[in-house]
Amino acid sequence: MEKNRWWLAVPFALGVMIVNVLISVLYVVVYSYAIDPGHDEAYYQAHAQVAAPYCSIVAGIPLMFLAGRWIGGKFPKGNSVKAALLVWLVYFVLDFAVIAAAGALAQIAVLFIISFVTKLGAAFLGGLSAQNRGAYLRR
């Protein structure tokens, strides 16, 4: 009997979101200390607002791939891609809600679309990777 593991999409999506935010914060820390030091806090906060969507795209692709592969491995092969796409959907809904509530959606609409299309592709490929796990060993 197969266990119902669909609920795992929520913690996986939250985990990707938390790590993605931490990577953005780490980028700003490195930027402020090593790349462009000597400015006041407002300068770095403004830079963080501009850089965060780009960080989300760059870091989000491998994070969503790994999340899709990881959760896909917890499901039978026929549900690997579905599980990975569910992680993406939960992430999308949460991030959309946060960005819309902050009133920033209009300012970053193009980057938002790029971010979520690339994450969708990464999640799909991660799910496919999990689905095909072991296929090369059977040859």
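Values in this document were obtained by computation on a predicted structure and should not be read as measured data.

(A) Focus on the packing of aromatic side chains. On inspection of all chains with the given rule, the structure shows 13 aromatic pairs. Centre to centre, the rings of Tyr 91 and Phe 116 are 5.7 Å apart; their planes meet at 50°, and the pair counts as tilted. Taken as a pair, Tyr 91 in helix 3 (residues 80-102) and Phe 116 in helix 4 (residues 109-131) lie far apart in primary sequence, 25 residues in all. By relative accessible area, Tyr 91 is classed as buried at 2%. Considering the side-chain rings of Phe 92 and Phe 112, the 5.8 Å spacing of their centres and the 50° angle between planes classify their relative orientation as tilted. Here the residue Phe 92 occupies a position in helix 3, and Phe 112 occupies one in helix 4, the gap between them amounting to 20 residues.

(B) Just the packing of helix 1 (residues 9-35) against helix 2 (residues 41-72), in detail. Interaxial distance between helix 1 and helix 2 falls to 7 Å at its minimum, and their mutual angle equals 140°. Relative to helix 2, the element helix 1 is oriented oblique. Between helix 1 and helix 2 lies a crossing of right-handed hand. Grouping the constituent residues of the contact of helix 1 with helix 2 by class yields 20 nonpolar, six polar and no charged.

Analysis parameters
- Residues numbered from 1 in each chain as written.
- Predicted model: local features only at pLDDT ≥ 70, side-chain atom pairs only at ≥ 80, totals over all residues.
- Heavy atoms only, no water.
- Phe/Tyr/Trp six-rings, centres within 6.5 Å; stacked < 30°, edge-to-face > 60°.
- Helix = DSSP H or I, 4+ residues; strand = E, 2+ residues; numbered from the N terminus.
- Buried < 20%, exposed > 50% of the residue type's maximum accessible area, 1.4 Å probe, protein only.
- Axes fitted to C-alpha atoms, helices over the stretch in contact; angles between N-to-C directions.
- Parallel < 35°, antiparallel > 145°, perpendicular 65-115°, else oblique.
- Left-handed = near helix turned anticlockwise from the far one by under 90°.
- Nonpolar A, V, L, I, M, F, W, Y, C, P; charged D, E, K, R; others polar.

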